[in-house]
Amino acid sequence: MANIKSQIKRIKTNQVRTERNRAYKSELRTWIRKVRENVAAGNTEGAQEALKTASKKLDKAVTKGVIHRNQAANKKSSLAKLVNKA
């Protein structure tokens, strides 16, 4: 454990941010999985809705700094291709 007051604060804030980022990433993985499951099941309407929500979640994660904007763009693109192919 650090002895310096500012470093103790940084450790605490980093823990909070790590937990928040972990929650965002978990939610992203969940919605991406829902898109893929709907496509695999042949449920095109469900896949469209899940894609819409997943895209919003990806954009939100970018604005929060959880993931890079190019990573979000690549994921949205690949999911859209998957849904459009189904």
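Being a predicted model, the structure only gives us computed values, none of them experimental.

**Quick word on the overall build of the chain**
Then step 1. Check the secondary structure of the chain and you find three helices and zero strands.
Then step 2. Along the chain, helices and strands appear, N-terminal first, in the series α-α-α.
Then step 3. The globule rule puts the C-alpha radius of gyration for 86 residues at 12 Å, and the 17 Å found for the chain is more than 25% above it.
Then step 4. Along the first, second and third principal axes, the C-alpha atoms of the chain reach 55 × 20 × 15 Å.

**What about the nonpolar core?**
Then step 1. Ile32, Val35, Val39, Ala47, Ala50, Leu51, Ala54, Leu79 and Val83 form the largest nonpolar core, which has nine residues in total.
Then step 2. Counting only elements with at least two residues in this core, the list comes to helix H1 (5-41), helix H2 (44-64) and helix H3 (69-85).
Then step 3. It is H2 that contributes the most residues to this core, four residues altogether.
Then step 4. Ignoring sequence-local partners within four residues, the contact set of Ala54 consists of Trp31, Val35 and Leu79.

**Looking at H3**
Then step 1. With 17 residues, H3 extends 24 Å from end C-alpha to end C-alpha; this agrees with the ideal 24 Å at 1.5 Å per step.
Then step 2. For H3, the complete set of buried residues consists of Ala72, Leu79 and Val83. Buried positions in H3, seen along its axis, are confined to an arc of 40° and lie on one side of it. Facing away from the buried side of H3 by more than 90 degrees, the exposed set consists of Asn74, Lys81, Asn84 and Lys85.
Then step 3. Summarising the contacts, the buried residues of H3 are in contact with H1 and H2.

**Structural notes on H1**
Then step 1. Given a rise of 1.5 Å per residue, 37 residues ought to cover 54 Å, and the 54 Å separating the end C-alpha atoms of H1 matches this to within 8%.
Then step 2. Lining the buried residues of H1 we find H2 and H3.
Then step 3. Gly42, located one to two residues past H1, shows a positive phi value of around 85°.

**Some remarks on the pattern of salt bridges**
Then step 1. According to the stated counting rule, one finds four salt bridges in the structure shown.
Then step 2. A salt bridge links Arg22 to Glu19, with the shortest nitrogen-to-oxygen separation between them at 3.0 Å. Of this pair, Arg22 and Glu19 both sit in helix H1, separated by three residues, roughly a single helical turn.
Then step 3. The salt bridge partner of Lys76 is Asp59, with a shortest N-O separation of 2.8 Å. Residue Lys76 is found in helix H3, and its partner Asp59 is found in helix H2; the two are separated by 17 residues along the sequence.

**So, the environment of Asn3**
Then step 1. Mapped onto the secondary structure, Asn3 falls in the segment before H1.
Then step 2. Given a relative accessible area of 76%, Asn3 falls into the exposed group.
Then step 3. Considering only alpha carbons, one finds Asn3 and Lys76, 73 residues apart in sequence, at a separation of 44 Å.

What counts, and where the lines are drawn
Residues numbered from 1 in each chain as written. Predicted model: local features only at pLDDT ≥ 70, side-chain atom pairs only at ≥ 80, totals over all residues. Heavy atoms only, no water. Helix = DSSP H or I, 4+ residues; strand = E, 2+ residues; numbered from the N terminus. Rg over C-alpha atoms; globule rule 2.2 N^0.38 Å. Core = buried A, V, L, I, M, F, W, Y, C linked by side-chain atoms within 4.5 Å. Buried < 20%, exposed > 50% of the residue type's maximum accessible area, 1.4 Å probe, protein only. Contact = heavy atoms within 4.5 Å. Expected span 1.5 Å × (residues − 1). Arc of directions from axis to C-beta. Salt bridge = Lys/Arg side-chain N within 4 Å of Asp/Glu carboxyl O.

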